Structure formats: C-alpha cells, structure tokens
Amino acid sequence: MTPSNICTSSAIWDLHIHSNQCTKPNKELAKLPIEKYVDALLKVFSDYPRLEMISFTDHNRISEKVYREFFGRKSNVSLVPGIEVDTKLTEDGESKHLVVYFDCANDEERLSNLCAGVNAIMDEHSVGPDNPIFIHSLFDELLDLKFKFAVSPHAFKQKKRGIDWDWHVDGAPSPNIDKYTDQFFAFWEASGASQVAKAIEYLEMMDREERESIVSFSDSKEFRK
C-alpha cells in the first residue's frame, strides 16, 4: 500500500440514502421530478464539504434514472450503486434487510448492465417485505453478474431483525460482533437514552480526533436527515 492509498484526512460517507424513487418514498419528495430531486439533494450536500461519498440504497430495486441524473451533475461527491434487499438466512427464516454495494462507483458505462441484472433478480423472485429472497440464492445470482460487491447487515434493527439475531453460526452469537460496527453508526435510527448517549460519545471522539471518519447509515428518505 502506498501513502496515496491511505486516508489521512477526515471524511463522511452516508451509505444508506433512499431516493425519491424508492418503493417507500417520502410522499412530498415522490412528487418531485428526478431532476428537481437531485437539484435539491446537491444543494443540501453543498453545506457539508467533508461529505465525500454516498449510496442510494432503495428497497429491492436500483433506480437507474436517479443515478444517471446524479452522475450527470459531475458532483465531487462519489456515488456507489447500492440496494437494500429483503432477504432470509434460512428457507423459513425471518426477513432481514441486507445492504449490497457494487464496484461501479461513478461508472456510467457499466451502470445499465448492473441495474438490468440486479433488478431482473429482484423481479424474478418477486422480492419484497413479505417475500424475502434466500441469501444463498441472492449471492449465487449476484456472482453471476460478474460485478464485485460488498454486503452489510442493516445496522441497529431491533429484535428478530437485529444484526445480532441469527447473524451467526450454530446458534452462538459472535463474541466480536461489536467490532464490525466500529465505524458504522446509524445516527438517525438512535432510539432511547443509551443510543443517544452513544451518538454523543461517538461525536466527542471525533472532536478529540480519536476517530477520523464516519460511515453513516442515515436510512434517510427526506432532506433533513
């Protein structure tokens, strides 16, 4: 690894934004044409120069038109294609939300093939909240698309949808589960005094330069978030 590959300055990534084309959109945003939605989003981003990367992760579909509109603006904010998939770990398991990111950042030429391939998988299996896709089937078919990808369980879901409920082997929770959320904090999903206290502690550590960056799962579908 060369020095140029090492992050030496603070940055913010928000890797979980729902566009106005999501299947569960904000009602007011859904009324906006895509062009005006992207205009408004970039205006919000302009107030945060340390925001370097985002991902639109709509439910069970990649909204190609939103991506193309954003790419066309030549923003300094990088855009990684992503999707939030309703999946299950066993054939009769509980539904989980799995976020998938594809190695296609700022790559307009490969975007159409990616969107067509991923959306075809979602359509073929009729993936939705009441019909999650079996995780092995999902991975097998994503691998066939020949796009490298990374996955993350949706952070800070509760009870049976939580990342520490069945996200382990042979019924034994991982003793190291916390380390996998070291830089991931869903500020907008913090609930209860303990989570708010954790958010404050996290930000104070950034002020003391004990942490350099935030990878945020805002789960946002409106501009304030």
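Treat the numbers as computed from the prediction; the structure is a model and nothing was measured.

Draft legend 1. Quick peek at the overall build of the protein chain. Looking only at helices and strands, the protein chain features six helices and nine strands. Here the protein chain, with 225 residues, has 42% of them falling under the buried criterion. Accessible surface computed for the protein chain: about 12,900 Å², of which carbon and sulfur atoms make up 51%.

Draft legend 2. Fine view of the pattern of salt bridges. Summed over all chains, the structure comprises seven salt bridges. Here Lys31 ties to Glu28 by a salt bridge, and the two come within 3.3 Å at their closest N and O atoms. Across the pair Arg73 and Glu69 runs a salt bridge, and its minimum N-O distance is 2.6 Å. Judged by its relative accessible area of 27%, Arg73 falls in the partly exposed class.

Draft legend 3. View of the packing of aromatic side chains. Evaluation of the coordinates by the stated rule reveals six aromatic pairs. Ring centres 6.5 Å apart and planes at 45° place the aromatic pair Tyr37 and Phe56 in the tilted group. Here Tyr37 is found in helix H2 (residues 34-45), whereas its partner Phe56 is found in strand S2 (residues 51-56), with 19 residues between them in sequence. Its relative accessible area of 1% is what places Tyr37 among the buried residues. Site record: aromatic cluster; members linked through ring pairs are Tyr37, Phe56, Tyr67, Phe70 and Phe71.

Draft legend 4. The arrangement of helix H3 (residues 64-72) in detail. Those residues of H3 that sit buried are Val66, Tyr67, Glu69, Phe70 and Phe71. Check the buried side of H3 and you find it contacts H2, S2, strand S3 (78-79), strand S4 (82-88) and helix H4 (108-124). Lys74 sits one or two residues past H3 and shows a positive phi near 55°.

Definitions and limits used
Here the residue index of a chain counts from 1 through its sequence in written order. Where totals are concerned, whole chains, interfaces and linings use all residues; where local detail is concerned, this predicted model gives features only for residues with pLDDT of at least 70, and gives and counts side-chain atom pairs only at 80 or more. Excluded from the side-chain calculation are hydrogens and water; included are all heavy atoms of the structure. Think of it this way: any DSSP run of H or I at least four residues long counts as a helix, any run of E at least two long counts as a strand, and we number them from the N terminus. Under the scheme applied here, a residue whose accessible area is under 20% of the maximum for its type counts as buried, over 50% as exposed, and between as partly exposed, the area being computed with a 1.4 Å probe on protein chains only. The accessible surface values rely on the Shrake-Rupley method and a 1.4 Å probe; as for residues, cover is taken only from the protein chains in view. Counted as salt bridges are all cases of a side-chain nitrogen of Lys or Arg within 4 Å of a carboxyl oxygen of Asp or Glu. Aromatic rings from Phe, Tyr and Trp, with only the six-membered ring used for Trp, were paired whenever their centres fell within 6.5 Å, and each pair was classed as stacked if the ring planes differed by under 30 degrees, edge-to-face if by over 60, and tilted otherwise. In what follows, residue pairs with any heavy atoms lying within 4.5 Å of each other are defined as contacts.

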